[in-house]
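Residue-level structure breakdown
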Number of protein chains: 4
Amino acid sequence: MTVVLLTGFEPFDGASTNPSWQAVVQAERRWSGSARLHTAELPVDFERCGPTLVEALDEYRPDLVVAVGQAGGRAGIALERVAVNIDDARIPDNAGNQPVDVPIVEGGPAAYFGTLPVKACVADLREAGIPAAVSQTAGTFTCNHVFYRLMHELTARRGAGTGPEPRGGFVHIPFAPEQASDGRHPSMAVDVSTAALLRIVDTSLSVTTDRALPGGALH
Amino acid sequence: MTVVLLTGFEPFDGASTNPSWQAVVQAERRWSGSARLHTAELPVDFERCGPTLVEALDEYRPDLVVAVGQAGGRAGIALERVAVNIDDARIPDNAGNQPVDVPIVEGGPAAYFGTLPVKACVADLREAGIPAAVSQTAGTFTCNHVFYRLMHELTARRGAGTGPEPRGGFVHIPFAPEQASDGRHPSMAVDVSTAALLRIVDTSLSVTTDRALPGGALH
Amino acid sequence: MTVVLLTGFEPFDGASTNPSWQAVVQAERRWSGSARLHTAELPVDFERCGPTLVEALDEYRPDLVVAVGQAGGRAGIALERVAVNIDDARIPDNAGNQPVDVPIVEGGPAAYFGTLPVKACVADLREAGIPAAVSQTAGTFTCNHVFYRLMHELTARRGAGTGPEPRGGFVHIPFAPEQASDGRHPSMAVDVSTAALLRIVDTSLSVTTDRALPGGALH
Amino acid sequence: MTVVLLTGFEPFDGASTNPSWQAVVQAERRWSGSARLHTAELPVDFERCGPTLVEALDEYRPDLVVAVGQAGGRAGIALERVAVNIDDARIPDNAGNQPVDVPIVEGGPAAYFGTLPVKACVADLREAGIPAAVSQTAGTFTCNHVFYRLMHELTARRGAGTGPEPRGGFVHIPFAPEQASDGRHPSMAVDVSTAALLRIVDTSLSVTTDRALPGGALH
C-alpha cells in the first residue's frame, strides 16, 4: 500500500496556532484516497525538527512526503523548488537558538531540488481556483531546514531501496485570516489551504513526470 | 421595520464574475436578522450606476445602505471613510466610457464622509478573525462614484425625513481566490467576505456612535 | 513679483532627519527662477503645525504654496489630490498628542481639492525620469492636516483677493535611502526628490489648466 | 596585481538601457583602487551569456568577480547567496529562447553558494545609507544562469590554482528611476547603485571571513 506522510509545524514567534499544522490535521480528516496517510507535527526548533522528521520517516516509511510550513506575507500556496544547506535565523526558534550561517549538514551538498511535480501541482491548483506558484526559496529558517533534511534523507535511502524512490517536497501556505486581521498581509482560509494540500497529494501520487510550464515564480 | 440595502457590482475589466455581487447574494441568503434585507446589482458604468442606485433607494427606502465593490490588490475588508467628487478612470467602464477628472455632481461638495461606524466594524471583524482596516480612499472609478452618489442622496433625503437619518457607506472586498490564482495578489474566500458583510450590517444596525480607535488605515 | 512658499517637516517617529525638509532646503539653494522662493519648516505637531503655516502665509503672502512631507513606503513622488477634514493618528505626534477621528476645522467642509496642476506635474516628472503619480489620500496625520489647513486658508483669502488666486497643494516624497537601508522599503535619493520639487514649482507656475491624463493613481 | 572583473547585462524585455551595465561602466570610471578593474557586458541570451563570461574569465584571470544584474521590483541592493542549476524563463531571452526547467550544467550540483562576504557587504552598505539585503534567490533567468556558470568555473579553476582562490558572486540592483516612472515600483539612482558596487568590491577585497549577522533576507 502506498504511504503518504504530511508534516506541519507547531506555533512560533508568539502565535497560538500554526495554520500549517491545522491544515495537515484537517487534510488527514478529509482524506479519502486509497493511500494510507500519516501526519507528524514538527517543533520549530533547529536541533529537534530534523530528528523528529527522521523518526516519522523511520516509523512510516512513506512513498511520498509533503512537508508544510507557514510563510507569512505570501499570497498563495508556494511549491518550493529547492532546499539550501544553510541555517540563518532572523529570530530565535522556540528553544531560543538563532543559528547564523551554519550548514545544516556539514559537508552536504549546497542544495537539493525537491522531487514533487511542482509545475503540475501549480497548474492543478490554479485550475481549481486556488492561488499558487512555484517558489525559488524556502527561506533559511526551520522550514528550509526540514526541507533540506528531508531531501538529504530521501536521497540516502534511495540508494538502499528496492521499490520506486520515495518523493518529497515542501509547501508553504499563507497566514490564516485571523493571523492577518489588520489587513496588511495576505491570508488564506485554512479550508482552502487544506483543499490545496489534498490536491497536491493527489497530483503527486498520479503525476510521474512534471509538466513543462514556464516560470511563474512568486516574487 | 428596519430596511437594509446591500449593493454589489457586475463583472468588469474582462472578468466573468465580481465577488462583490457574489458576496451580496450569499449574504442575502444567509441573513437571519429582523431587518428586511434587499439587494441591487449595479452596472460598472459611470452613467448608469448612479441612476440604478437611486432607483433602489426610491423603491426600498432603506435605513441602512452598504455598497460593496471589489478592490483587487487589497488584503482585507476595507471600510471606506470618504467619497470624493471626481471621476478619473484608468480603464474604460463596461460602456466604454473613461471620464478623466470630471466632477460626479457639478457644484457638489469636494467629499462626503460615510456614516457607517467604520472603526467599530473594523474592531468587530478583527475580533472575528477577518482581516479588515479603514481605508482613506475608494479610488476614482465607479466604486467611489457610487459611494459619492449614495452619500449625496442620503444627505438630500435627510432634510426631508421625519424618522432617524438613514446611514450609508462603502466596503471594498479583496479578489476572490480564483481571480488571484497566480499567487501574486492577496485574495479572500467569498464565504469570508460574505461573513464580513453580515457582521458589518449587524454592527451598523446596533452601534450608534463609532468607537474611537486610532488610525489603522490600509496602505 | 511672484512669491513661492515651500514647506517641509521636522523629523518625527524617532528619525533624526526628515527628507521633506532636506529637499526643501536644497531646492531653495538650487532655485534659479525669477519668482522669490521662501521656505518654512513645520513642526510634526497637530496643534502647532497649522499656526506655523498660517504665520508663513501671512509673512510671505505667496502666490504658490507647495507643502511637502515624507511618506514612508511610497515608491515615487506623490502629488496629492485631496485633503480631508479629519485627524486620525496611528502614532503620537512630537508633542505626544494622538487625536483620533477629530475634525481639523470644526464645521469645515469634508474635503478640499488641491489646486496644483497635478496631472501636468506627474507627466513632467515622468518625462524627466522621476517616478511620480497622483495620490488620492494624504493620510490622516499631520501631512493631511497641513494640506487641509492650507487649502482652508487659501480659500478664505481667495474671497478677499484682488489679484489672481494663490494656488497650493501637497507633495509626498519617499524615504531617503538611509531611512530604508534594510532594503524592505522603496526610497529616493534626496537629490532626486529635490529635482522633483523644483520641477513641480516650475510646472505649477507655468501651467494654468491641468492636463487631462487618465488615472494613474498610486496604489 | 589583484584583478577584478565586473559584469553587467545588455538591455532586455523591450527596455533601451540596463542599469546593471550603466552602473558597471560608471564604477569602472570612478574606480581609484590599486587593483586592476575590468568589465564585460553580457548578452541576455541563455546560450551566449555563459561563453561570454568564460571568455572574460580566460582573458582577465580575475581574483574577484562581481556579476551584476537588474531585479525589477526590488527596493535595495541584493547580495545573492546561492545559484541553482536550473533555467526556467518566464519570458523569452533576447534570442527568443525560453528554456523551461532545463539544467544549466547537465550533471552539475543542484546549487553553488557565492563566495563574496555578503553579510559584511550588506552591513557596510547600510552604514553608508544604501538600502541592501542578502537575497536567497537570484531567480531562474539569465542572472541566475550567469551566477551558476561563474561559480561552476571558479570551482573548476580552484583545483588548478596555485595562488589564493578567486572569489565571486552576484549582485542584483533595482530599476533605475526612469524605468519606474509610474511610481508603482521601487527604484534607485544609478549613482547610488554605482557607489554600492564600488563598496562591494572594496569590502570583498578586504574582508576574508564574512561577518556573522543574522538573517536579513529580502522578501
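Rules behind the numbers
Residues numbered from 1 in each chain as written. Chains lettered and ligands numbered in written order. Predicted model: local features only at pLDDT ≥ 70, side-chain atom pairs only at ≥ 80, totals over all residues. Heavy atoms only, no water. Helix = DSSP H or I, 4+ residues; strand = E, 2+ residues; numbered from the N terminus. Rg over C-alpha atoms; globule rule 2.2 N^0.38 Å. Buried < 20%, exposed > 50% of the residue type's maximum accessible area, 1.4 Å probe, protein only. Contact = heavy atoms within 4.5 Å. Areas by Shrake-Rupley, 256 points an atom, 1.4 Å probe, with all protein chains shown as cover. Lys, Arg positive; Asp, Glu negative; His and termini not counted. Charge placed at Lys NZ, Arg CZ, Asp CG, Glu CD. Pairing = 2+ DSSP bridges. Axes fitted to C-alpha atoms, helices over the stretch in contact; angles between N-to-C directions. Buried area = accessible area lost by both parts, 1.4 Å probe. Polar contact = N/O pair within 3.5 Å; in protein donor to acceptor, adjacent residues only side chain to side chain. Nonpolar A, V, L, I, M, F, W, Y, C, P; charged D, E, K, R; others polar. Least-squares fit on C-alpha atoms with pLDDT ≥ 70 in both. Salt bridge = Lys/Arg side-chain N within 4 Å of Asp/Glu carboxyl O. pLDDT = per-residue confidence, 0-100. UniProt positions renumbered as here; feature names shortened; annotations may be inferred. 1 Å grid on protein atoms, 1.4 Å probe; cavity = no way out; pocket = protein on both sides within 12 Å on 5 of 7 lines; lining within 4 Å. Points joined across faces, edges and corners; volume = space filled by probe spheres on them. Parallel < 35°, antiparallel > 145°, perpendicular 65-115°, else oblique. Left-handed = near helix turned anticlockwise from the far one by under 90°.

1. Examining the overall build of chain A
- A count of helical and extended segments in chain A gives 5 helices and 10 strands.
- A globule of 219 residues ought to have a C-alpha radius of gyration of about 17 Å, and chain A, at 16 Å, matches this closely.
- Burial analysis of chain A (219 residues in total) assigns 59% to the buried set.
- In chain A, of all internal contacts separated by at least 6 residues, the share reaching a separation of at least 24 is 79%.
- Surface accessibility of chain A: about 8,400 Å² in total, with carbon and sulfur atoms responsible for 47%.
- The distance from the centre of the 17 positive side-chain charges to the centre of the 25 negative ones in chain A is 7 Å.

2. Digging into the sheet that holds strand β3 (residues 64-70) of chain A
Residue and element names in this part refer to chain A.
- The strand order across the open sheet formed by 6 strands is β2-β1-β3-β10-β4-β9, and the pairing between neighbours is mixed. One side of each edge strand has no neighbouring strand; the edge strands of this open sheet are β2 (36-42) and β9 (132-135). Along the sheet, successive strands turn relative to each other by an average axial angle of 25 degrees, direction set aside.
- In the sheet, strand β1 (residues 3-9) pairs with β2 via 7 bridges, with the strands oriented parallel. Bridge pairing in β2 links F9 to L42.
- The strands touched by helix α3 (residues 118-127) are β4 (77-80) and β9; relative to β9, the strand with the most contacts, the crossing angle is about 160 degrees.

3. Details of the interface of chain D and chain A
- Each side of the interface is counted separately: chain D has 25 residues, and chain A has 25 residues.
- Both faces combined, the contact of chain D with chain A buries some 1,800 Å², and carbon together with sulfur accounts for 64% of it.
- Across the contact surface, chain D and chain A share 8 residue pairs in polar contact (both at pLDDT 80 or more).
- Of all the secondary-structure elements, those providing two or more residues to the side of chain D that touches chain A are β5 (82-84), β7 (100-102) and β8 (111-113) of chain D.
- Looking at the side of chain D that touches chain A, its residues break down into 12 nonpolar, 7 polar and 6 charged.

4. Things to note about the relation of the copies chain D and chain A
- Here chain D sits on chain A after a turn of 180 degrees about the axis and a move of 0.0 Å along it, with an RMSD of 0.0 Å. Such values leave the two copies arranged in the relation of a two-fold axis. It is D:A111 whose C-alpha, among those of chain D, lies nearest the rotation axis, at 2.7 Å.

5. Side note on the interface of chain A and chain B
- Taken together, the contacts link 21 residues of chain A with 21 residues of chain B.
- For the pair chain A and chain B, the two sides together bury roughly 1,500 Å², of which 57% comes from carbon and sulfur.
- The tally of links from chain A across to chain B stands at 0 salt bridges.
- On the surface where chain A and chain B come into contact, there are 8 residue pairs in polar contact (both at pLDDT 80 or more).
- Broken down by class, the residue content of the side of chain A that touches chain B amounts to 10 nonpolar, 7 polar and 4 charged.

6. Side note on the confidence of the model for chain A
- Residues with a pLDDT of 70 or more make up 95% of chain A, whose mean pLDDT is 93.
- Scored by ipTM, the complex comes to 0.93, with pTM at 0.93.

7. Brief notes about the pattern of salt bridges
- Within this structure, the stated rule accounts for 36 salt bridges over all chains.
- With a closest N to O distance of 3.3 Å, C:R199 and C:D124 form a salt bridge. One end of the pair, C:R199, is in helix α5 (residues 190-206); the other, C:D124, is in helix α3 (residues 118-127), with 75 residues separating them in the sequence.
- For C:R199, a relative accessible area of 34% corresponds to the partly exposed category.
- Within the structure, one salt-bridge network assembled from shared partners comprises A:R81, A:K119, D:D88 and D:D101.

8. A few points about the pairing of strand β4 (residues 77-80) of chain D
All names here are of chain D.
- Neither face of β4 is left uncovered, since the one carrying I77 and L79 and the one carrying A78 and E80 both have all their residues buried.
- Across 4 bridges, the pairing between β4 and strand β9 (residues 132-135) is parallel. Bridge pairing in β9 links L79 to V134.
- Bridge count between β4 and strand β10 (residues 167-173): 2 bridges; the pairing is antiparallel. Residue L79 lies in a different strand from β10, and its bridge partner there is V171.

9. A closer look at unusual backbone geometry
- For B:R61, which is not a glycine, the phi torsion comes out positive at approximately 45 degrees.
- Tracing the sequence through the fold places B:R61 in the loop between α2 (49-60) and β3 (64-70).
- A relative accessible area of 62% means that B:R61 is categorised as exposed.
- Phi is positive for D:D101, close to 55 degrees, though the residue is something other than glycine.
- As for its position among the elements, D:D101 is in strand β7.
- Look at D:D101 and you get partly exposed, because its relative accessible area is 25%.

10. Observations concerning the UniProt feature "active site" (unreviewed entry) in chain A
Residue and element names in this part refer to chain A.
- Per the UniProt record, the feature "active site" (unreviewed entry) sits at E80, C143 and H172. The named residues occupy 93 residues along the chain; their greatest pairwise C-alpha distance, 10.3 Å, places them in one compact cluster.
- Locating E80 in the fold gives a position in strand β4.
- On the basis of relative accessibility, which here comes to 2%, the residue E80 falls in the buried class.
- Once you skip the residues sitting within four places of it in the chain, E80 turns out to touch R74, V118, S135, Q136, T137, A138, F147, F170 and H172.
- Only 3.0 Å separates the side chain of E80 from the side chain of R74, close enough to count as a polar contact.
- Within the secondary structure layout, H172 lies in strand β10 (residues 167-173).
- Once you skip the residues sitting within four places of it in the chain, H172 turns out to touch G69, Q70, A71, R74, G76, I77, A78, E80, A138 and C143.

11. Thoughts on the relation of the copies chain A and chain B
- After a rotation of 180 degrees and a shift along the axis of 0.0 Å, chain A superposes on chain B with an RMSD of 0.0 Å.
- Most of the interface of chain A is mirrored in chain B, where 100% of its interface residues are also at the interface.

12. A look at the layout of surface pockets
- The calculated volume of the second largest pocket comes to roughly 520 Å³.
- Taken together, 26 residues line the second largest pocket, and the ones lying closest to its centre are B:I86, C:F113, C:G114, C:T115 and C:L116.
- For the lining of the second largest pocket, the secondary-structure elements that each account for two or more residues are β8 (111-113) and α4 (142-160) of chain C.

13. Regarding the packing of helix α1 (residues 19-30) of chain D against helix α5 (residues 190-206) of chain D
All names here are of chain D.
- At their nearest, the axes of α1 and α5 sit 8 Å apart, and the two run at 60 degrees to each other. With respect to each other, α1 and α5 are oriented oblique. When the axes of α1 and α5 are compared, the crossing they make is right-handed. Residues P19, Q22, A23, V24, Q26, A27 and R30 of α1 pack against V190, D191, S193, T194, A195, L197 and L198 of α5.
- Residue composition of the contact of α1 with α5, grouped by class: 8 nonpolar, 4 polar and 2 charged.

14. Remarks on the environment of B:M151
- Looking at the element boundaries, B:M151 is found in helix α4 (residues 142-160).
- Through-space distance from the C-alpha of B:M151 to that of B:T2 is 19 Å; in sequence the pair is 149 residues apart.

15. A few points about the sheet that holds β10(D)
All names here are of chain D.
- One open sheet holds the 6 strands; their spatial order is β2-β1-β3-β10-β4-β9, and the pairing between them is mixed. Of all the strands in the sheet, the pair left with one neighbour each is β2 (36-42) and β9. Each neighbouring strand pair of the sheet contributes to a mean axis angle of 25 degrees, computed without reference to strand direction.
- Pairing geometry for strand β1 (residues 3-9) and strand β3 (residues 64-70), over 4 bridges, is parallel. Paired with V4 across the bridge in β3 is L64.
- This element, α1, spans β1, β2, β3 and β10 of the sheet and lies at about 150 degrees to β1.
- Strands β4 and β9 of the sheet are contacted by helix α3 (residues 118-127), whose axis makes an angle of about 160 degrees with β9.

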